[in-house]
Amino acid sequence: MRTNWASATAIALLLSLSTSAAHAEEVTAWRLFISDHADPKVTVIDAVDGGKLDTFQIKGPASLHRSESGRTVFAVQGSAGVVTGIASGISFEDHGEHGDIDVEAPKLAGVEIAGEKPSHFVDHDGDFAVFFDGEGVARIISEKAVLEGKSDFRELKTDAPQHGVAVAYGSHVLLSEPNREKPDELPVGIRVADKAGAQVGGIHACPDLHGEASSGNILAFACATGLLVVTHGDGSPAIRHLPYSDSLPDGKTTTLIGGRGLQYFLGNYGADKVVLIDPTIESDAFRLISLPTRRVHFAVDPVRAKFAYVFTEDGQLHQLDVVKGEIASSLKLTGPYSMDGHWNDPRPRIAVAGDRIVVTDPLQGVLHLVDATSFQKTGDIAVEGKPFNIVSVGGSGQTHEGE
Amino acid sequence: MSRTLKLAAVIGAMTSLPITPSVAAAENLKVVASFSIIADFAKNVGGDRVDIITLVGPNGDAHVYEPKPADAATVGSADVVLVNGLQFEGFLQRLVEASATKAPVVELTKGGEVLRNTGEEGHHDQDKAAEGGEGHAAAEEGHEEGHHHHGESDPHAWQSVHNAELYVKNIADAFCAADAAGCDTYRANAESYGQQLDALEAEIKAAVAEIPEDKRTIITSHDAYGYFEHEYGIKFLAPEGVSTESEASASDVAALIKQIRQDKASAIFVENVTNPRLIEQIASETGLKVGGELYSDALSDKNGPAATYLEMMRHNITTIKGAILGS
């Protein structure tokens, strides 16, 4: 059957209008999950109206991680030896031409995973891997299990305690390899294990392994010598080493985040620099960007793919143009936060919630709000205590009456 | 049965032919082509007056391509950006936004006839879109970070040579708008290339005519040949939908194997942009022998059998015919 598109569009439009009027409503919801630097709690703020939604008591100060889907937030409490799952209350369902949003109250998911010194948390395609440094063990659980309140995790053991990392990569698991000669130092490589835990192939060397991120279909680990770049191979992960370019000064990346919308990685490289990495090219894969002072934290913008943000110890938030590889704008937000002192002292952290960039200011007990389009400060939200780590969850979608 | 829709209204907000200053005659037009087949068309129309950069190169899969910051820089400095449209390039909106390009982004399927994605032949959720057909720009708006959809239209319009002629016309129009001084050249090149396309189409029709009608059902990896089927009468079945983004489920594959047996498929082929493993498994289970490699969404490299569009289409029909008649 042939249909004239113009008439089909008109019909579709009429259907859409009538359907919209009767049943569908466009809803935007963003939530901020904030941990305190000193107190064992996670505060949930409605990022749209600034109101507090809830406060969850946990067992220790936490670093926070959100799942790729945004349905789950994890509070990794290293000192308390536990990881707590929180259901964000916001979920999306893909309906092809539109997405539905479901908004419920956030709640503790009822899942805790205990172990010695939990550290790195990695979500890969809905499978969460938490590495427990004190045991050298990775515990892996699916988002589905967490949201059902089931602590159905599986364990993979490495040969020794280490400050390690694990990634559940389809039917394989990537595990950091401890430094056997100097157990207190960083891992030295990546081992691939199959579903049964058996090693696949040799160890992929990655001295001083620290830092992992995904961007699109590429996963990367940061090493002293460059990056280990992981892609889907024929039956098992394909891993190659991308060395730092000769043009870079001495240094290494130890924190890595992955671009959203554009495929790239952003890493630290020395105290006052960041490096943009395109692992798909061999030459000019690394672009070094100098900062005015030492770096405190950095994050990518998941909505405006062109931008990432870097906070520096002089209290400035910088808008980084990842296409041009330069700082596009800078905005003074807080007083100085010196990087002298302990690495885990209370200092600002960045999250992006839709059209807002949110920066914690732990010493002042506020969140600073910056409009992501104009890059101008638009307000503050007061938070009790020392708001420290922050993640955002949310988006827009349709809700349907009666569902 | 697939429905055909007039393409013009499918074009969403991305399509634009804004008034752009013509480039100086001494400078070549800087053209970005989203994938290799479009680049080949552009080369035939633009000749020596254009410099072409291809985002998704030979044997690349545009369905799942992840644009890089360097791609955004390339698009940002282009005079003309040529894309397929119909949501084939799922990365397009974010790339164009990141590039801040002022160049026209020209959807080459504009003005043609579009096949609807039927959605009932082993496809996945994202392909079962409801009525509407909004452009990708609109489809992405209001969604959580980074989510995107595939549309209801089959984007592989180039698989009909008749449509290829439209791509060529639209490229000539775009080049004329950007470089008026070269317009006569572009029109003449398009005319000349169009004659080659006419000859190609006649060859394909003649080849299909030699295949008995009861042997005209074949298997490929993904639903890339709807236009070929519509235009030339070869029936294609595939485990994956119009996008390679989602893998076929076990039930999709089981249903396909059942259908292969019912329809007495004559041959099965791997594609250059997909992993051959699934096709090899289906071949093993159905007793069909893999008849070769077809080129669907990308050309081969220059040393391969499908380095140009003309070569690709000839290779495909020759391979199909050879496998069926040899079976």
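Throughout this document, residue positions are counted from 1 along each chain, in the order its sequence is written. Here chains are named by letter from A upward and ligands by number from 1 upward, in the order in which they appear as written. It should be noted that, the model being predicted, local features are given only for residues of pLDDT at least 70 and side-chain atom pairs only at 80 or more, the latter also being counted only at that level, while totals for whole chains, interfaces and linings use all residues. Hydrogens and waters are ignored; side-chain quantities use all the structure's heavy atoms.

**Q** Explain the overall build of chain A here, please?
**A** Where helices and strands are cited, they refer to DSSP runs of H or I of at least four residues and of E of at least two residues respectively, numbered from the N terminus. For chain A, the helix and strand inventory stands at 2 helices and 35 strands. Throughout, exposure labels follow a simple rule: accessible area from a 1.4 Å probe, protein chains only, divided by the maximum for the residue type, with under 20% read as buried, over 50% as exposed, and the rest as partly exposed. Every one of the 403 residues in chain A was classed for burial, and the buried ones make up 54%. Contact criterion: two residues are considered in contact whenever any of their non-hydrogen atoms come within 4.5 Å of each other. Residue pairs at least 24 apart in sequence account for 45% of intrachain contacts in chain A once pairs closer than 6 positions are excluded. Accessible surface, chain A: about 16,500 Å² in total, of which carbon and sulfur atoms supply 50%. Methods summary: accessible areas were calculated by the Shrake-Rupley approach with a probe of 1.4 Å, and residue burial reflects only the protein chains presented.

**Q** Help me understand the sheet that holds strand 30 (residues 326-332) of chain A in this model?
**A** All names here are of chain A. Taken in spatial order, the 4 strands of this open sheet run 27-28-29-30, and their pairing is antiparallel. Of all strands in the sheet, those with a lone pairing partner are strand 27 (295-300) and strand 30, marking the two edges. Recorded for the sheet is a direction-independent mean angle of 20 degrees between the axes of neighbouring strands. By this definition, two strands are paired if DSSP reports at least two bridges between them. Here an angle of 0 to 180 degrees is reported between the N-to-C directions of two axes, which are lines fitted to C-alpha atoms, with helices fitted over the stretch in contact.

**Q** What's the story with the pattern of salt bridges in this structure? I'm lost.
**A** Once their charged atoms are close, side chains differing in charge can pair, the charge on each being opposite to the other. Residue and element names in this part refer to chain B. One side-chain nitrogen of Lys or Arg within 4 Å of one carboxyl oxygen of Asp or Glu is enough to make a salt bridge. Under the defined criterion, the tally for this structure stands at 25 salt bridges over all chains. With a closest N to O distance of 3.7 Å, R94 and E66 form a salt bridge. Here R94, found in helix 3 (residues 92-99), pairs with E66, found in the loop between strand 3 (50-56) and helix 2 (69-76); they are 28 residues apart in sequence, far enough to count as distant. Residue classification places R94 among the buried residues on the basis of a relative accessible area of 13%. Classification of E66 by relative accessible area gives buried; the value is 18%. Across the pair D173 and R187 runs a salt bridge whose closest N-O atoms are separated by 2.6 Å. Pair noted here: D173 is in helix 5 (residues 161-178) and R187 is in helix 6 (residues 183-209), with a separation of 14 residues, a long-range link. Here D173 falls in the partly exposed class, since its relative accessible area comes to 24%.

**Q** Can you help me understand the state of the cysteines in this one?
**A** Note on terminology: a disulfide is the covalent bond linking the sulfur atoms of two cysteines. All names here are of chain B. What counts as a disulfide here is a pair of cysteine sulfur atoms lying within 2.5 Å. What the rule picks out here adds up to 2 disulfides over all chains. Each disulfide pairs two cysteine sulfurs, and for C176 the partner residue is C183, the sulfurs being separated by 2.0 Å. Its torsion about the S-S bond being 90 degrees, the disulfide of C176 and C183 is classed as right-handed. For the pair C176 and C183, a shared accessibility class is recorded, and that class is buried.

**Q** I'm lost on the sheet that holds strand 18 (residues 199-205) of chain A in this one. Help?
**A** Sheets are built from strands that pair by backbone hydrogen bonding, the pairs being arranged parallel or antiparallel. Residue and element names in this part refer to chain A. Reading across the sheet, the 4 strands line up as 15-16-17-18 and stay open at both edges, with antiparallel pairing between neighbours. Of all the strands in the sheet, the pair left with one neighbour each is strand 15 (166-169) and strand 18. The average angle at which neighbouring strand axes cross in this sheet is 20 degrees, direction not considered. Pairing analysis gives 5 bridges linking strand 16 (residues 172-177) to strand 17 (residues 189-193), with the strands arranged antiparallel. Paired with V173 across the two strands is A193, which belongs to strand 17.

**Q** Where do I start with the packing of helix 8 (residues 250-263) of chain B against helix 9 (residues 277-286) of chain B in this structure?
**A** All names here are of chain B. Between helix 8 and helix 9, the least distance of the axes is 11 Å, while the angle of their chain directions is 45 degrees. Taken together, the axes of helix 8 and helix 9 lie oblique to each other. The interaxial crossing formed by helix 8 with helix 9 has right-handed handedness. Between helix 8, through V253, L256, I257, I260 and R261, and helix 9, the contact on the second element is made entirely by L278, Q281, I282, E285 and T286. For the contact of helix 8 with helix 9, a count of residues per class yields 6 nonpolar, 2 polar and 2 charged. An angle counts as roughly parallel when it lies under 35 degrees, as roughly antiparallel when it exceeds 145, as roughly perpendicular when it falls between 65 and 115, and as oblique in every other case. Helix crossings fall into two classes, left-handed where the near helix is turned counterclockwise from the far one by less than a right angle and right-handed where it is turned clockwise. Three classes are used, and their members are as follows: Ala, Val, Leu, Ile, Met, Phe, Trp, Tyr, Cys and Pro are nonpolar, Asp, Glu, Lys and Arg are charged, and the others, Gly among them, are polar.

**Q** Explanation requested: the packing of aromatic side chains in the structure shown.
**A** To describe a pair of aromatic rings, you give the distance between the ring centres and the angle between the ring planes. For Phe, Tyr and Trp, where Trp contributes only its six-membered ring, two rings pair if their centres lie within 6.5 Å, and the inter-plane angle classes them as stacked under 30 degrees, edge-to-face over 60, or tilted in between. All chains considered together, the criterion is met by 17 aromatic pairs over all chains. Look at F74 of chain A and F121 of chain A: their rings are 4.7 Å apart centre to centre, the planes differ by 35 degrees, and that puts the pair in the tilted class. Of the two residues, F74 of chain A sits in strand 6 (residues 72-77) while F121 of chain A sits in strand 11 (residues 118-124), which places them 47 residues apart along the sequence. Across this residue pair, the class does not change: F74 of chain A and F121 of chain A are buried. Cluster of aromatic residues (ring-pair linked, three or more members): F41, Y167, Y193 and Y309 of chain B.

**Q** For this particular structure, what's the right way to read the packing of helix 2 of chain B against helix 3 of chain B?
**A** When two helices pack together, their arrangement is captured by the angle between the axes and the distance separating the axes. All names here are of chain B. Where helix 2 meets helix 3, the axes come as close as 8 Å, and the angle between the chain directions of the two elements is 65 degrees. By the angle between their axes, helix 2 is roughly perpendicular relative to helix 3. The two elements helix 2 and helix 3 meet at a crossing, and its hand is right-handed. Across from D71, A72, V75 and G76 in helix 2, the residues of helix 3 making contact are L95, A98 and S99. Looking at the contact of helix 2 with helix 3, its residues break down into 4 nonpolar, 2 polar and 1 charged.

**Q** Explain the environment of A174 of chain B here, please?
**A** All names here are of chain B. Within the secondary structure, A174 sits in helix 5. Sequence separation between A174 and V80 is 94 residues, and the spatial gap between their C-alpha atoms is 7.4 Å. Sequence-distant contacts of A174, defined by excluding residues within four places in its chain, comprise V80, L82 and V106.

**Q** Help me understand helix 6 of chain B in this model?
**A** Structurally, the α-helix is built with 3.6 residues per turn, so residues lying three or four positions apart point the same way. Residue and element names in this part refer to chain B. Along its 27 residues, helix 6 runs 39 Å from first to last C-alpha, staying within 8% of the 39 Å computed at 1.5 Å per residue. Within helix 6, the full set of buried residues consists of C183, Y186, A190, Y193, G194, L197, L200, E201, I204, A207 and V208. Its buried side turned inward, helix 6 meets strand 2 (29-35), helix 1 (36-46), strand 3, helix 5, helix 7 (226-232) and helix 10 (309-326). Multiplying one less than the number of residues by 1.5 Å gives the expected span of a helix.

**Q** Before we go on, may I ask you to explain the confidence of the model for chain A in this structure?
**A** It should be kept in mind that the predicted coordinates are not to be read in detail where pLDDT is low. The score called pLDDT rates the predictor's confidence residue by residue, from a low of 0 to a high of 100. Chain-level pLDDT for chain A is 92 on average; 93% of the residues reach the 70-or-more range. Note that pLDDT drops below 50 for residues 1-22 of chain A; the model gives that stretch 25 contacts with residues more than four away or on any other chain.

**Q** For this particular structure, what's the right way to read the nonpolar core?
**A** Within soluble globular proteins, side chains that are nonpolar generally end up buried alongside one another. Residue and element names in this part refer to chain B. Core analysis: the largest hydrophobic core is formed by 96 residues, its most contacted members being L82, F175 and Y309. Per-domain counts for this core show at least three residues from each of domain 1 (4-193) and domain 2 (204-326). The contacts of Y309, once residues within four sequence positions are left out, are I37, D40, F41, W158, S160, V161, A164, Y193, L197, L200 and L299. For this analysis, a nonpolar core means a set of buried residues of the types Ala, Val, Leu, Ile, Met, Phe, Trp, Tyr and Cys, connected via side-chain atoms within 4.5 Å. Residue ranges for the domains trace back to a domain assignment, done automatically or taken from a database.

**Q** Looking at this model, I keep getting lost on the pairing of strand 30 of chain A. Mind explaining?
**A** All names here are of chain A. Bridging between strand 29 (residues 316-321) and strand 30 involves 6 bridges; their strand directions are antiparallel. When the bridges of strand 30 are listed, Q319 appears paired with S329. Here strand 29 folds back onto strand 30 in antiparallel fashion, the turn holding 4 residues, of which G325 has a positive phi close to 70 degrees.

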